Amino acid sequence: SIRVLQLPGLPAQGDVSDWLDAGHDTFELDILADQSAPVRPEDHALGAVIVSLEDIEAKPIDWVWKRWLARGKVTILGGPGGHGKSTLTAWMAALLSQGGSWPDGLPAPRGRVLFLLAEDALDDTLRPRLDAHQADLSQVKALTFIREAVEKGSGTRETFFNLSKHRPMLEAAIIEHQIDVVII
């Protein structure tokens, strides 16, 4: 099959060689290829793409917490600042790290959690909250920064995580560390 890839950070008129020279690797390339759909002749037409639901195979949802938290889906917990969203997510991470029961009595699987924090510090905020809920800290991880190649292959630098730029790296880390839930 043929796949068309949009390589992030590619300079104008650049190609895959430039992308690899910038410090990316074939593992990232494989992830991008897996995420892209094969090219079909009808994909080249501009305009709305419509599919018939008869061509879609239904599949069950894989629940981490039935009716509340689906594996592989986006769940948004919203509310005003200072109302306990971070405390609640720390409790959820602690529960998942140990296994046990959700508040409604359904079983909570034991799993690994990855935090991507922007506001709270790991040492004075997240860790004390996890400790308060007796988390198995070996099952809770945090993404602290991204190490990426500097232009023209002159070493590496550490930078903040950027979802639009570093998603393939995040996906690779999720697979490598066998992460079940990501909390942003």
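Residues numbered from 1 in each chain as written. Predicted model: local features only at pLDDT ≥ 70, side-chain atom pairs only at ≥ 80, totals over all residues. Heavy atoms only, no water.

What follows concerns the overall build of the chain. Scanning the chain from terminus to terminus reveals five helices and nine strands. The helix and strand sequence of the chain, counted from the amino end, reads α-α-β-β-α-β-β-β-α-β-β-β-α-β. Since a compact globule built from 184 residues should have a radius of gyration of about 16 Å, the 20 Å found for the chain marks it as more spread out than a globular shape. Considering the chain as a whole, with its 184 residues, one finds that 24% of them fall into the buried category. Between the centroid of the 18 positive side chains of the chain and the centroid of its 26 negative side chains there is a distance of 6 Å. (Helix = DSSP H or I, 4+ residues; strand = E, 2+ residues; numbered from the N terminus. Rg over C-alpha atoms; globule rule 2.2 N^0.38 Å. Buried < 20%, exposed > 50% of the residue type's maximum accessible area, 1.4 Å probe, protein only. Lys, Arg positive; Asp, Glu negative; His and termini not counted. Charge placed at Lys NZ, Arg CZ, Asp CG, Glu CD.)

Further remarks concern helix H5 (residues 163-176). With 14 residues, H5 should reach 20 Å at 1.5 Å per residue; the first-to-last C-alpha distance of 18 Å fits that figure. In the structure, H5 departs most strongly from a straight axis at Met169, where the bend amounts to approximately 35°. If you check which residues of H5 are buried, you get His166, Pro168, Leu170 and Ala172. On its buried side, H5 packs onto helix H2 (26-35), strand E5 (113-115), strand E7 (146-149) and strand E8 (156-159). Among the residues trailing H5, Gln178 stands out with phi positive, at a value near 55°. (Expected span 1.5 Å × (residues − 1). Bend = angle between axes of the 7 residues up to and from the residue. Contact = heavy atoms within 4.5 Å.)

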